[in-house]
Amino acid sequence: MKSFSFRGASPNLDGLRRSRAASVLPPRLRTTTCATLFALACIGGGEQAQAATPEADDGVVHLAPAPGAPQAAKGTHINKTSPRRSSDPDDAYVSEPAMLDEEQPIEPLYHAIPGFLESPYGPPSFGSPYGTHHLLGDWGGIQPWLQKRGLYLAINDYESLSGNPIGGKTHAVTDAGQTGVTLDVDWHKLLDGGDWSKNLWLHMLAVNGHGRNLSGLIGDHANQVQQIYGARGNVVAHLVWMYFEKSWLDNRIDWSVGVMPPGTFFNNSPWGCAFMNVWMCGNTTPTKYVAGGRDWPSGNIGTVLRVMPRRDFYIMGGLFAVSPHSYNGGISGWALAQDGLGKLSTHLEFGWIPEFGPNHLIGHYKVGALYDNSKYNDLYSDIHGHPWVVTGLPARKQSGQTSMWAMVDQMFIRHGEGPMNGLMLGLQYSYASGQTSAMKQRFAVSILDTGYYWNRPHDMFGFTFQWADFSKSAIRQQRASLAYDLPFQSTNFGVPYGVQSHENIYEFFYTAQIVPGLSIQPDFQYINRLGGTKIFKDAAVFSMAFSATL
C-alpha cells in the first residue's frame, strides 16, 4: 500500500513509508506506510527559508538560517555541528535539512511554524515522505544544479522480505517492495517570481510496486504484515499525489489543492510508519479502508486548508471527491476523469503540538472525523431487514459513512535534537460505521526510543500492540453465510475465512542506519486470530526491510 519513512539524523530512518503528512517516516506509503520510504531535500517557508553551507566536516551538508529567520530560543539544544550562515546566498549548494530537524537548533513551536521541507512529517508541516539524506551524495553536481532552480528530486527503493515459520494457513516467504520518485517544485525559485510565488509549491509522487504481501498467503485478508501491498498491476508509475501548495502569514495558513490521499494529511502519525504492519503506517485503520479516507497510494481529487491561530495549535479541513471504484484514478492512479465522482468526503481535524519543559518534550494530540455522503450497501440487511446473502434481495442502502479518530503521542525523555529523538509513548483509536465497514474500531499502544543507550543515536526501535474489533453487521452476515452453507462475501477488509470477532497484533522492530540514506529494519510480528478468526493457528512473522534513498 503505502510506505513512509522516518528520516533525519537522530534517528535516521530513511526507509520508512505511508504518507505525506509524513513526519520523519510511510507503504502510508501510508501509504504509504509508511518503515516509510521516500525522502527529498527541499526547503520552504518564505522568510524562514534556509540556505545550506558547504563547510560540513561530517559528510552532511547543514543548513544556516537565512537573514531575518528566527533564532533558536535561549536554552535550546544545539547540535555540535551547528548550522552556519552562507556567505553568498546565490551560491548553489545541496540542501540536506534533516527531516526531523536533528541537524538544526530546536526552535519551540511557538517561535516559528516550519515550512514545507524544514520540519517533521505530518501537520502542522507537510514534508517530503523520503527524508533528506542521499546515499549517492549530490549526484555529481546534479542535485545542486536542480535545487538552485527550485527542483527537488529524490528516488527511494524499499524492499521487505517476510516469512512465517510458525502458524498460518501455510508457511511462505515473500518480497514486497516499491520504488518511488518525488519531485517538488519551488515556483518562486524556478520562475524568479514576485511575492505571489513565495511559498508556492508543486508536489508530485509516483511509485512502482512489486512482489506480493505475505498476509494473503498465511490466511489474513484483513491485515498486511508488510507496508507494501505488492504489485499493482502492469503499471510502471502509479500516481500517488500531484498537487499545489501555497502558504501565507509565515505558514499560519496553508492551502493544498490537486490529487492527494486524504490519509497523508488526516489521521496520520509522525511515527506510525516506523512499524512495518500496514495498519499502523500512514493514517490509521479502519479509516484508511473506507472509500472517503483512503491513503497512499490512492490519491483523491481534493483540497486541504490548515489554519494555525496559535503556533502550537491547528485546525485542518479537507474536501475530497469519493471514487466508487476499487482504485482511485484506476489501477494506474492517472485516470483522473473516473466516472461516479459525484459524492464528497468532508474531513475535519484539530491538533495540539505542545513542547514541555526546557528540553522541549514534544507531543502530538489530535482528534478528527470524516463524513462521506455516498450511499453504501449494508453489510447484513436487505431492503426488508433480512440477510441479503440469504434472500438474494438488494442490500439496504446506508446514507453516508462516518469515521472518527483520536491520536496521542508524547516524548518523556529527550536524548538530543529532533522531535523523534527520545523515549515516546503513543496511543491511537479509530472508528468507522459498522453497518458499512467490516472493522468497527481499532486501538493501538506503542513505545519508541532510539539507540542512544548503546551509542547508536541514529537507530530507532519500538513495540506496539494492536487490537481490532470487527463490526456486528459483518459478523451477522458471516454467520448467515455459514448457517446456509454459502460462501463468505468480500468486504472492505477482504474475504474472511470464517466468522470474525477480533484480531490482536504484537510487533517489535529495530531500524539501523548503515550510512546516511541507507537503513535496514529487522521486524517481528505475532498475529493472534489471523483475519479475526480461529481458523488458522497464530502466526509468527519475521521480516527484514531495506531502504535506500539515492
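Up top is the structure.
How each quantity is defined
Residues numbered from 1 in each chain as written. Predicted model: local features only at pLDDT ≥ 70, side-chain atom pairs only at ≥ 80, totals over all residues. Heavy atoms only, no water. Helix = DSSP H or I, 4+ residues; strand = E, 2+ residues; numbered from the N terminus. Buried < 20%, exposed > 50% of the residue type's maximum accessible area, 1.4 Å probe, protein only. Areas by Shrake-Rupley, 256 points an atom, 1.4 Å probe, with all protein chains shown as cover. Disulfide = S-S within 2.5 Å. Patch = residues over 30% accessible without salt bridge, like charges linked within 9 Å, V, L, I, M, F, W, Y side chains within 5 Å. Salt bridge = Lys/Arg side-chain N within 4 Å of Asp/Glu carboxyl O. Expected span 1.5 Å × (residues − 1). Contact = heavy atoms within 4.5 Å.

(A) Spotlight on the overall build of the protein chain. Counting its secondary structure elements, the protein chain contains five helices and 19 strands. For the protein chain, buried positions account for 62% of its 550 residues. Of the roughly 19500 Å² of accessible surface on the protein chain, a fraction of 63% belongs to carbon and sulfur atoms.

(B) How the structure looks around the state of the cysteines. Under the criterion given, the structure shown has one disulfide. Sulfur-sulfur distance for the disulfide between C273 and C281 comes to 1.8 Å. On the sign convention where negative means left-handed, the S-S torsion of about 95° between C273 and C281 marks this disulfide as right-handed. For the pair formed by C273 and C281, the shared burial category is buried.

(C) Here's a closer look at unusual backbone geometry. The linkage connecting T285 with the following residue, P286, adopts the cis geometry, with an omega of 5°. When you line up the elements, P286 lands in the loop between β7 (253–260) and β8 (300–310). Here W296 and P297 are connected by a cis peptide whose omega angle stands at 5°. By the element assignment, P297 lies in the loop between β7 and β8. Its identity is not glycine, yet W139 carries a phi of approximately 60°, on the positive side. Mapping W139 onto the fold places it in the loop between β2 (62–65) and α1 (142–148). A relative accessible area of 19% places W139 in the buried class. Phi is positive for H360, which is not a glycine, with a value near 50°.

(D) A nonpolar patch on the surface, seen in detail. A contiguous nonpolar surface patch, about 700 Å² in accessible area, is contributed by F412, I413, L425, I447, F463, Y506, F508 and Y526. Listing elements by their share of the nonpolar patch, those giving two or more residues are β13 (395–414) and β17 (502–515). For I413, a relative accessible area of 40% puts it in the partly exposed group.

(E) Just helix α5 (residues 472–483), in detail. Helix length check: α5, at 12 residues, gives a terminal C-alpha distance of 16 Å against a target of 16 Å (1.5 Å per residue), a fit within 8%. Among the residues making up α5, those that are buried are S473, A474, I475, Q477, Q478, A480 and S481. Lining the buried residues of α5 we find β12 (361–382), α4 (388–391) and β16 (456–470). Of the residues trailing α5, D485 is marked for its positive phi of about 55°.

(F) Main features of the environment of L518. Position of L518 relative to the elements: it lies in strand β18 (residues 518–528). With 28 residues separating them along the chain, L518 and F546 place their C-alpha atoms 7.6 Å apart.

(G) Quick peek at the pattern of salt bridges. Under the counting rule described, the total for this entry stands at four salt bridges. A salt bridge links K198 to D195, with the nearest nitrogen and oxygen atoms 3.4 Å apart. For K198, a relative accessible area of 31% translates into the label partly exposed. With relative accessibility at 59%, the residue D195 sits in the exposed group. Between D459 and R456 there is a salt bridge, and its shortest N-O distance comes to 2.7 Å. For D459, a relative accessible area of 2% puts it in the buried group. Here R456 falls in the partly exposed class, since its relative accessible area comes to 34%.

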